[in-house]
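Take a look at the letters that make up each chain.
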Amino acid sequence: MKPIQVLVCDDSALMRRIISDILKSDPEIIVVGTAKNGQEALELIPHLKPDVLTLDIEMPVLNGLEALPMIWRKFKLPTIMLSSLTQEGADATIKALELGAFDFVGKPSGSISLDLAKVGQDLIHKIKAAAKKEQVVQSTKYFRPQPKPTPAPPKPMRTAKRVEEILAIGTSTGGPRALQMVLSHLPASLPAAVVVVQHMPAGFTRSLAQRLDHLCLVSVHEAHDGQVLEEGHVYIAPGDYHMRIMEKSPGTYVIRLNQEPPVSGHRPAVDIMYDSLAELRGVRVRAAILTGMGGDGANGMVKIKDQGGRTIAEAQESCVVFGMPRTAIAKGCVDIIAPLDRIADELTKPWNC
């Protein structure tokens, strides 16, 4: 099999060497070149013809956020962003994902991370997933991001009442843009609470929730422990915390967060959230599994289905990575398979349809 050819773009010569050494440790990857800023990357891509680009966000001349849309328009090149674990870095990373980045890896110690090897295997796995160009390019027809999305109008005031339905969404690679499409199509009058697990490190889910809240009619929050679910609200599990939904009293459900060991390498894990929902009685549950690597969420979806819940999986044609939906479908626990632009409609159909 032909090795995956990677171009490394970072303004630090030391980081370019560290990233290259990590990638060269895998026999399926070769580094075909390095660039010190976005402009140099744009000039090298047509000559080196890489399969994947790693792109730093903070660079002189042309930074990652400026270069990314140009790279995507000209070359449709799957790109992995490297971001510092700061609030500014998190905000920029969420923006990069909206602009078309395939995924990101957080630099553990800031712009110059001598300990980048801590996330080396994560970077390698994401590069291998990104190298499947056909699926990455195919999925983009389902995204219509605007350069300056129109903010949602002020959220309506709602009186807290008994929650009779919970919508649950699990996703990973490609999830931020998928969530934007699904959640932005939910009505302000949604008669359900929504809970979400998106595989992300600590710090990034707050930026994701703030960005989605800015664009959606429903209210979007990074969840906190003890929070009571309300209709018309979306709760995203914070990075590095599992999220369970527990019954406090009939019709009242609360969020419980913990840092128990990762499940299948993930914290938060979709399976943990789905397992807790399968244990609830007196509330209708609909669960959707969207784009992502691996199989997290499939076992929990089986339990939800066994308890009478409705289950939905994103179709391969719109997934950036079909791993999580494929695993759920293979287990025979999926009621509906739908492309991304139909997921919101499937989640909000009357229960008796």
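Residues numbered from 1 in each chain as written. Predicted model: local features only at pLDDT ≥ 70, side-chain atom pairs only at ≥ 80, totals over all residues. Heavy atoms only, no water.

You'll find the chain entered in an unreviewed UniProt entry as Protein-glutamate methylesterase/protein-glutamine glutaminase, with Tumebacillus amylolyticus given as the organism.

Requested: an account of the overall build of the chain, with residues and values cited.
A count of helices and strands for the chain gives 12 helices and 14 strands. A compact globule built from 353 residues would reach a C-alpha radius of gyration of about 20 Å, and the chain, at 20 Å, matches this within 12%. Taking the principal axes of the C-alpha coordinates as reference, the chain spans close to 60 × 40 × 35 Å. For the chain, the proportion of its 353 residues judged to be buried stands at 55%. Nonlocal contacts in the chain, meaning residues at least 24 apart in sequence, comprise 73% of its contacts between residues at least 6 apart. Counting only carbon and sulfur atoms, one obtains 53% of the accessible surface of the chain, whose full area is about 14,800 Å². Distance from the positive charge centre (40 side chains) to the negative charge centre (39 side chains) of the chain: 4 Å. (Helix = DSSP H or I, 4+ residues; strand = E, 2+ residues; numbered from the N terminus. Rg over C-alpha atoms; globule rule 2.2 N^0.38 Å. Buried < 20%, exposed > 50% of the residue type's maximum accessible area, 1.4 Å probe, protein only. Contact = heavy atoms within 4.5 Å. Areas by Shrake-Rupley, 256 points an atom, 1.4 Å probe, with all protein chains shown as cover. Lys, Arg positive; Asp, Glu negative; His and termini not counted. Charge placed at Lys NZ, Arg CZ, Asp CG, Glu CD.)

Describe the pattern of salt bridges, listing the residues and the values that go with them.
It is possible for side chains of opposite charge to pair when their charged atoms get near one another. Taken as a whole and assessed by the stated rule, the structure comprises 18 salt bridges. For E28, the salt bridge is made with K128, and the minimal N-O distance between the two is 3.4 Å. Here K128 lies in helix 5 (residues 120–130) and E28 lies in the loop between helix 1 (13–24) and strand 2 (29–35), a separation of 100 residues in the sequence. On the accessibility criterion, E28 (36% relative accessible area) is partly exposed. Given the relative accessible area of 25%, K128 is considered partly exposed. The salt bridge involving K305 is made with D335; its shortest N-O contact spans 2.2 Å. (Salt bridge = Lys/Arg side-chain N within 4 Å of Asp/Glu carboxyl O.)

Run through the side chain of S20, naming residues and quoting values.
Tracing the backbone through its elements, the reader meets S20 in helix 1. S20 gets classed as buried once you look at its relative accessible area, which sits at 7%. In this view, S20 contacts V8, V31 and T34; residues no more than four positions away in its chain are not counted.

Quick one: what's the story with the sheet that holds strand 5 (residues 103–107), residue by residue and with numbers?
Ordered in space as 2-1-3-4-5, the five strands form an open sheet in which the pairing is parallel. Since the sheet does not close on itself, it has two edges, and those belong to strand 2 and strand 5, each with one partner. This sheet shows a mean twist of 25° between the axes of neighbouring strands, independent of strand direction. Here strand 4 (residues 79–84) runs beside strand 5; their pairing, made up of five bridges, is parallel. Note that in strand 5 the partner of I80 across the bridge is D103. Against the sheet, helix 3 (residues 64–75) contacts strand 3 (52–56) and strand 4, and its axis sits at roughly 155° relative to strand 3. (Pairing = 2+ DSSP bridges. Axes fitted to C-alpha atoms, helices over the stretch in contact; angles between N-to-C directions.)

Lay out unusual backbone geometry in plain terms, naming residues and giving numbers.
With an omega dihedral of 15°, the bond running from R267 to P268 counts as a cis peptide bond. Position of P268 relative to the elements: it lies in the loop between strand 11 (252–258) and helix 9 (270–278). A positive phi is found at K49, a non-glycine position, where the angle reads about 50°. As for its position among the elements, K49 is in the loop between helix 2 (38–48) and strand 3. The class of K49 is exposed, set by a relative accessible area of 58%. Within the chain, D240 stands out as a residue other than glycine whose phi angle is a positive 75°. Mapping D240 onto the fold places it in the loop between strand 9 (233–236) and strand 10 (242–249). When its relative accessible area of 28% is taken as the criterion, D240 is described as partly exposed.

With reference to specific residues and values, describe empty space enclosed by the protein.
Following the criterion strictly, the structure yields two cavities of 30 Å³ or more and no others. For the second largest cavity, the calculated volume is near 40 Å³. Around the second largest cavity, the lining residues are I94, L97, E98, P176, R177, Q180, L208, R211 and L212. Counting only elements with at least two residues in the lining of the second largest cavity, the list comes to helix 4 (87–98), helix 7 (175–183) and helix 8 (204–215). (1 Å grid on protein atoms, 1.4 Å probe; cavity = no way out; pocket = protein on both sides within 12 Å on 5 of 7 lines; lining within 4 Å. Points joined across faces, edges and corners; volume = space filled by probe spheres on them.)

Quick rundown of helix 3? Include the residues and the values.
Over its 12 residues, helix 3 extends 15 Å from the first C-alpha to the last, a length consistent with the 16 Å expected when each residue adds 1.5 Å. Buried within helix 3 we find G64, A67, L68, I71 and W72. End-on, the buried residues of helix 3 take up no more than an arc of 130°, which puts them together on one face. Opposite the buried face of helix 3, by more than 90 degrees, sit the exposed residues R73 and K74. Structurally, the start of helix 3 carries an N-cap: the backbone nitrogen of L65 is 3.0 Å from a side-chain oxygen of N63. Following helix 3 by one or two positions, K76 adopts a phi angle in the positive range, close to 50°. (Expected span 1.5 Å × (residues − 1). Arc of directions from axis to C-beta. Polar contact = N/O pair within 3.5 Å; in protein donor to acceptor, adjacent residues only side chain to side chain.)

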